[in-house]
There are 2 protein chains.
Amino acid sequence: MPARRRASNTSCPSRGSNLPSHAETLAELLRGRGHRVTRQRTIVFDALRKGARAGKHLSAETVYERVRQQHPEIDRATIYRTLNFFCELGLVHQADLNGRHVFEPTGTHPHHHLLCARCGHTLVLNADALQDLARTLLRKTGFRLDARHLILPGVCAHCARAAEQTA
Amino acid sequence: MPARRRASNTSCPSRGSNLPSHAETLAELLRGRGHRVTRQRTIVFDALRKGARAGKHLSAETVYERVRQQHPEIDRATIYRTLNFFCELGLVHQADLNGRHVFEPTGTHPHHHLLCARCGHTLVLNADALQDLARTLLRKTGFRLDARHLILPGVCAHCARAAEQTA
DNA sequence: TTCTGTGCAAACGCTTTGCACGACT
DNA sequence: AGTCGTGCAAAGCGTTTGCACAGAA
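Residues numbered from 1 in each chain as written. Chains lettered and ligands numbered in written order. Predicted model: local features only at pLDDT ≥ 70, side-chain atom pairs only at ≥ 80, totals over all residues. Heavy atoms only, no water.

J.: Explanation requested: the overall build of chain A in the structure shown.
T.: Along the backbone of chain A there are six helices and seven strands. Along its sequence from the N terminus, chain A presents helices and strands in the succession α-α-β-α-α-β-β-β-β-α-β-β-α. Here chain A, with 167 residues, has 41% of them falling under the buried criterion. Considering only contacts within chain A whose residues lie at least 6 apart along the sequence, 58% involve residues at least 24 apart. In the structure as shown, chain A presents an accessible area of about 9,600 Å², 48% of it carried by carbon and sulfur atoms. (Helix = DSSP H or I, 4+ residues; strand = E, 2+ residues; numbered from the N terminus. Buried < 20%, exposed > 50% of the residue type's maximum accessible area, 1.4 Å probe, protein only. Contact = heavy atoms within 4.5 Å. Areas by Shrake-Rupley, 256 points an atom, 1.4 Å probe, with all protein chains shown as cover.)

J.: Is there a simple way to explain the nonpolar core in this structure?
T.: Generally speaking, nonpolar side chains in soluble globular proteins are found buried as a group. A:Leu133, A:Leu145, A:Leu152, B:Leu133, B:Leu145 and B:Leu152 are the most contacted members of the largest nonpolar core, which totals 30 residues. Sorting the residues of this core by element identifies β4 (111-116), α5 (131-141), β7 (151-155) and α6 (157-166) of chain A together with β4 (111-116), α5 (131-141), β7 (151-155) and α6 (157-166) of chain B as the ones contributing at least two each. When sequence neighbours within four positions are dropped, the list of residues in contact with A:Leu152 reads A:His113, A:Leu114, A:Leu115, A:Leu125, B:Leu133, B:Phe143, B:Leu145 and B:Leu150. (Core = buried A, V, L, I, M, F, W, Y, C linked by side-chain atoms within 4.5 Å.)

J.: Help me understand the relation of the copies chain A and chain B in this model?
T.: Copy one and copy two of the chain differ by a rotation about an axis and a translation along that axis. The two copies are related by a screw motion: chain A maps onto chain B through a turn of 180 degrees and a shift of 0.1 Å along the axis, at an RMSD of 0.1 Å. What the rotation and shift describe, once combined, is the action of a two-fold rotation axis. Take the interface residues of chain A: 97% of them recur as interface residues in chain B, which is what a same-surface contact looks like. (Least-squares fit on C-alpha atoms with pLDDT ≥ 70 in both.)

J.: Looking at this structure, I do not really get the protein's contact with DNA strand D. What am I missing?
T.: Around DNA strand D, 25 residues are found, and the nearest of them are A:Arg36, A:Tyr80, A:Arg100, B:Gln40 and B:Thr78. When the atoms of DNA strand D within 4 Å of the protein are grouped by moiety, sugar and phosphate amount to 70% of the total. Within the side chain of B:Thr38, one N or O atom sits 2.8 Å away from a phosphate oxygen of DNA strand D. Residue B:Glu73 places a main-chain N or O atom 3.4 Å away from a phosphate oxygen belonging to DNA strand D. Going through the elements one at a time, α4 (76-89) and β3 (100-105) of chain A together with α2 (39-53) and α4 (76-89) of chain B are the ones with two or more residues in the surface near DNA strand D. For the surface near DNA strand D, the leading source of residues is α4(A), giving five residues. (Near = heavy atom within 4 Å. Polar contact = N/O pair within 3.5 Å; in protein donor to acceptor, adjacent residues only side chain to side chain.)

Everything listed here is a matter of geometry and, on its own, says nothing about what the molecule does.
So this is what it looks like as structure tokens:
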């Protein structure tokens, strides 16, 4: 397999492992797979969880900023390494929001996002909204859609109304 | 409007203007909108058209390389500026393929892409395949899906078969 | 004690930008 | 002639990497 130089992390393999609900479970999971449990990994994972609870997708940079507030000694490189590591482990999904990578823990129920081009807000879209599409694709082309975390562009109801009134 | 620093070009506004079929039409269109017709713009546009004819999405870097073969004096910065310029004019669409921006002239019939995570190949998907989804979204959430050039991840029929046999 | 993971610093790839010159209108 | 677009060079941003040390096993 040719070593892709960049974007090697864009397609999280995700082995279907689900998000542990407590930090302890993270520790168990890491140890169980022969990885070490470090302060940094716990901290980064907590930051992601907090972000997810707030319905936010965090970019690597954002994670770094949040982590730094409490733990200024943790390096940017560690954040990136840890995020990619989680991604490979399937603990975290990565998506592309407006050309920027964003991360979110797996295990929050499968969903996608609707990104409004006007106001920039994102709506959560339940994953099964795409099942019809997936079925059709499979039937017609044999392509097995594996869309775990899409970000679909468009215009939200609110902005659409606003646009109509202006027109 | 707050000046977004980066990714300001990620969301091509696209005013619905269609691709001219000859270089002359490009010239007319540019002049018509009060822009200058330059050698560089014509060359870049031709490169994109050639790429599109070959069914390829070209990254800025690829466009640069192709252009450079014939016109080594044209600078990388010009390529980027010109691509963004075309994008703003709605002559070109931009999509995000595996974390890389790719460009394609508008006016090739509206379509999306299915990107196989295994072999990396892309299949073209007719745009109306998403119309059911768009309708459902509009009805349920009021969100007006405006997906002109999505790249959907998954596994192509060929790779799916190969995976089954291994399993 | 061993060896993985980290901090540090530097490099990387892609993209944008400031400036002065060149060329389209 | 006026001004937009370009080449050049440098910087920017997000991200990765080499190396030596720290700390989990």
